[in-house]
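# Architecture at a glance
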Amino acid sequence: MSEIKRIGVMTAGGDCPGLNAVIRAVTKTAIQKYGLEVVGIKHGYRGLFLGGDEFVNLTLDKVSGIISKGGTILYSSNKDNLFDYTYTDEKGVEHKNVDMSDVGVENLKKAGIDAMVIIGGDGTLTSGRDFARKGVKVIGVPKTIDNDLAATETTFGFDTAVATATESIDRLRTTAESHSRVIVVEVMGRYAGFIGIASAIAGGCDACLIPEVPYDINKVADAIKANRARGKNFGLVVVAEGAKPKDGEVVVSKVVEDSPDPIRLGGIGTVVADQLEKLVGLECRATILGHVQRGGTTTANDRILSTRYGTYAVDLLMEGKFGNMVALKGAELGYESLENVIGANKAVEEDGYWLKTARNIGICMGD
Ligand code: F6P
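Presented here is an overview of the structure given in this document. (Residues numbered from 1 in each chain as written. Predicted model: local features only at pLDDT ≥ 70, side-chain atom pairs only at ≥ 80, totals over all residues. Heavy atoms only, no water.)

### Digging into the overall build of the protein
Using the following cut-off: Segments assigned H or I by DSSP are reported as helices when at least four residues long, segments assigned E as strands when at least two residues long, and all are numbered from the N terminus. The size measure is the radius of gyration over C-alpha atoms, and the globule rule it meets is 2.2 Å times the number of residues to the 0.38 power. With a 1.4 Å probe rolled over the protein chains alone, any residue whose accessible area is under 20% of its type maximum counts as buried; one over 50% counts as exposed, and the rest are partly exposed. Whether two residues touch is decided by their heavy atoms; if any such pair falls within 4.5 Å, the residues are in contact. Using the Shrake-Rupley algorithm and a 1.4 Å probe, accessible areas are obtained, with residue cover drawn only from the displayed protein chains. His is not counted here, nor are the chain ends, while Lys and Arg score as positive and Asp and Glu score as negative. Where a charge lies is defined by one atom per residue type: Lys uses NZ, Arg uses CZ, Asp uses CG and Glu uses CD.
Each helix and strand counted, the protein has eleven helices and 15 strands in total. Relative to the globule expectation of 21 Å for 367 residues, the C-alpha radius of gyration of the protein, 22 Å, shows essentially globular dimensions. Expressed along its principal axes, the backbone C-alpha trace of the protein runs to roughly 70 × 45 × 35 Å. Here the protein holds 367 residues, and the buried ones make up 53% of them. Here the contacts in the protein between residues at least 6 apart in sequence split such that 72% fall between residues at least 24 apart. Per element, the accessible surface of the protein, about 15700 Å² overall, is 48% carbon and sulfur. Looking at charge distribution, the protein has the averaged site of its 42 positive side-chain charges lying 3 Å from that of its 48 negative ones.

### Overview of the side chain of Asn20
Heads up, the condition is: Any pair of N or O atoms that falls within 3.5 Å is considered a polar contact. Within protein, one atom must be able to donate a hydrogen and the other to accept it, and sequence-neighbouring residues count only if both atoms are side-chain atoms.
Locating Asn20 in the fold gives a position in helix H1 (residues 19-33). Since its relative accessible area comes to 1%, Asn20 is described here as buried. Looking at Asn20, its side chain comes within polar contact range of the main-chain oxygen of Lys69, at 3.1 Å. Here the side chain of Asn20 touches Gly71 through a polar contact of 3.3 Å, landing on its backbone oxygen.

### Remarks on the packing of aromatic side chains
The description of an aromatic ring pair uses the distance of the two centres, along with the angle that the planes make with each other. Inclusion rule: Under the pairing criterion, centres of Phe, Tyr and Trp rings, with the six-membered ring standing for Trp, must be within 6.5 Å; the plane angle then separates stacked pairs below 30 degrees from edge-to-face pairs above 60, leaving the rest tilted. Two limits define a charge over a ring: the Lys NZ or Arg CZ must be within 6 Å of the ring centre, and within 35 degrees of the ring normal.
For the coordinates displayed, the defined rule picks out eight aromatic pairs. Three or more aromatic residues link up through ring pairs in this structure, and these residues are Tyr45, Phe83 and Phe131. Over the aromatic face of Phe234 sits the side chain of Lys232, whose NZ or CZ is 5.0 Å from the ring centroid. The ring centre of Phe194 lies 5.7 Å from the NZ or CZ of Lys346, which sits over that ring.

### A look at the nonpolar core
Looking at soluble globular proteins, one finds that nonpolar side chains tend to be buried together. The condition that has to hold: For our purposes a nonpolar core is just a set of buried Ala, Val, Leu, Ile, Met, Phe, Trp, Tyr and Cys residues, chained together by side-chain atoms within 4.5 Å. As annotated, the domain borders come from an automatic or database domain assignment.
Counting residues in hydrophobic clusters, the biggest one holds 63 residues, and the most contacted among them are Ile7, Ile119, Val141, Phe156, Ile197, Ile210 and Met365. Two domains each provide a minimum of three residues to this core, namely domain 1 (6-156 + 298-330) and domain 2 (160-295 + 349-360).

### Some remarks on the site of the ligand
Quick reminder of the rule: One heavy atom within 4 Å of a molecule or strand makes the whole residue count as near it. Gly counts as polar in this scheme, as do all residues outside two lists: the nonpolar Ala, Val, Leu, Ile, Met, Phe, Trp, Tyr, Cys and Pro, and the charged Asp, Glu, Lys and Arg.
Neighbouring the ligand are the residues Asn78, Thr144, Ile145, Asp146, Met188, Gly189, Arg190, Glu241, Arg264, His291 and Arg294. Between the ligand and the protein, one listed contact pairs an oxygen atom with a side-chain N or O atom of Arg294 at 2.8 Å. For the ligand, the protein covers 83% of the area, taking 400 Å² as the surface of the free molecule. Tallied by class, residues from the shell around the ligand come to two nonpolar, four polar and five charged.

### Some details on the sheet that holds strand S10 (residues 235-240)
Test applied: Two strands qualify as a pair provided that DSSP identifies no fewer than 2 bridges between them. Axis definition: a line fitted to C-alpha atoms, over the contacting stretch in the case of helices. Angles run 0 to 180 degrees between N-to-C directions.
A sheet is described by the order of its strands in space; here four strands give the open sequence S9-S10-S8-S13, paired in parallel fashion. Looking at the sheet topology across the chains shown, the edges are occupied by strand S9 (207-209) and strand S13 (283-288). Between one strand and the next, the sheet's axes are offset by a mean angle of 20 degrees, whatever the strand orientation. Of the pairings in the sheet, the one linking strand S8 (residues 181-187) to S10 comprises six bridges and is parallel in character. Looking across to S10, one finds that Ile183 is bridged to Leu236. Its contacts with the sheet place helix H5 (residues 158-179) against S8, S10 and S13, and it is angled at close to 165 degrees to S8.

### A word on the sheet that holds strand S1 (residues 6-11)
Here seven strands make up an open sheet; going across it, the order is S3-S2-S1-S6-S7-S14-S15 and the pairing mixed. Looking along the sheet, the strands with just one partner apiece sit at the ends: strand S3 (55-58) and strand S15 (332-337). Sheet twist, expressed as the mean angle between neighbouring strand axes with direction ignored, is 30 degrees. Where strand S14 (residues 324-329) meets S15, six bridges bridge the pair, whose relative direction is antiparallel.

### Side note on the pairing of S1
Short version of the rule: A right-handed crossover is one whose linking path, passing over the helix from the first strand to the second, runs clockwise when the strands point away from the viewer.
Judged by how many residues are buried, S1 sits mostly within the fold: five of six residues are covered. The sheet contact formed by S1 and strand S2 (residues 37-41) spans five bridges and is parallel. Paired with Met10 across the strands is Ile41, a residue of S2. Remark: the S1/H1/S2 crossover connection has right-handed handedness. Two strands pair when backbone bridges link them, and S1 and strand S6 (residues 115-120) are joined in this way by five bridges, in the parallel orientation.

Geometric descriptors of this kind do not, in isolation, establish any biological role.
Structure below.
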C-alpha cells in the first residue's frame, strides 16, 4: 500500500491556458483511480506560506466544467519564493529575503498532505526542486505559453497562444488589405521565438522577427517592397517581444523589482512599425497582443496535453518517482529530474523545422 493518501496541487507563476485542465486531471485521477484526497493550495507559494483558508478540498464537483477555461481556479502568484521571502507579519513588521520554506513544509504536514503536484514555469519549479531537496514529495508539471523548456517537446498553453495569435492575424489582415497598410503584430514568448514563428507561418505573414535571428530592418522593408512590386499593397509582420536588431537590444516595457525575473519585454512592435513606415511608403501600424494570448478558451490540443500531464503526474507520485517533472518525449510522456530541468531553456534552432519551413515559403526573417 502506498503511504500517499492525500495530495496537494498548486499553480504558480503567470497564468496559462490549460492550468485548469491539469488541476482537473490531477483531481480526477487521484480520486477515481487511486482513492486519494486532493487539496488545492491557492495563490501558489504564498498560499503554502499562509495555510488555513488557502488550502481547499478539491472534489469531482469542484473541478467539473473547468477543462476549457483559461486562468486557474486556484489563482496564482509570481512573486513568492519561500526560500527568499519578503512578508509583513501580524504586528506590521516587514521581513525581507528570509528563508520561510520550513513554514511551507509545516503547513503541508498540518494539512496531512503527503505529496505535491506543482504546476509552473522555471521559477515555480526551482522552488519545487528546493522543496524536493527538503524531502517534500514533489512532481512538477511544466507550464508556459512560450514553449521554451528544453526538457519537454511542448508545454501546454503554447497551442492556445498560437491559435489566438493566428486568429488575431486573420482579423488584422482585413484592415491591412482594405487600407493598404503594413500591420506589425507583436506576440509574446519572452526570449524564444516559438509563438512568433508558429503564428507567422499559420497566419500567412510576410515577415517574422524572432529573438534567435537578429534582424536588419532594411531586409524587412525590401521584402514588403518586393511584394508591392508584384501588386500586393499591404503587409503582415509578426514581431516576437524578444526580437532585437543586429546591432541593438531588446525593448523592455517594465521592470517588476520584486519579481524573480524582473524584466518584462514589450514595445518592439511599435519600434519596428515606425522604422518600416519610413522605408516602405505604406502606413505601418502596430498591434500588441499581450495577455490576450494567455486568456480565453483552451484549445483541444492543450486540453488533451494538460490532461495527459495531470494524470501522469499522479501516476508518477504513486510510483514513488518523486523530484521529477513530467515531460513530452516525442509523442510519449516521460519525466526528467527537477535537478536537471531548471534553467535549461530551448530556442528556435537555425536548422530546425520551424525556420526551414518559414524560409522555404519565403517568410522574411529579417536577416
Ligand atoms: O512566460 C509567459 C509570458 O506570458 C511571456 O511570454 C511574457 O514575456 C511574460 O510571461 C509576461 O509576464 P507578465 O504577465 O508577468 O507581464
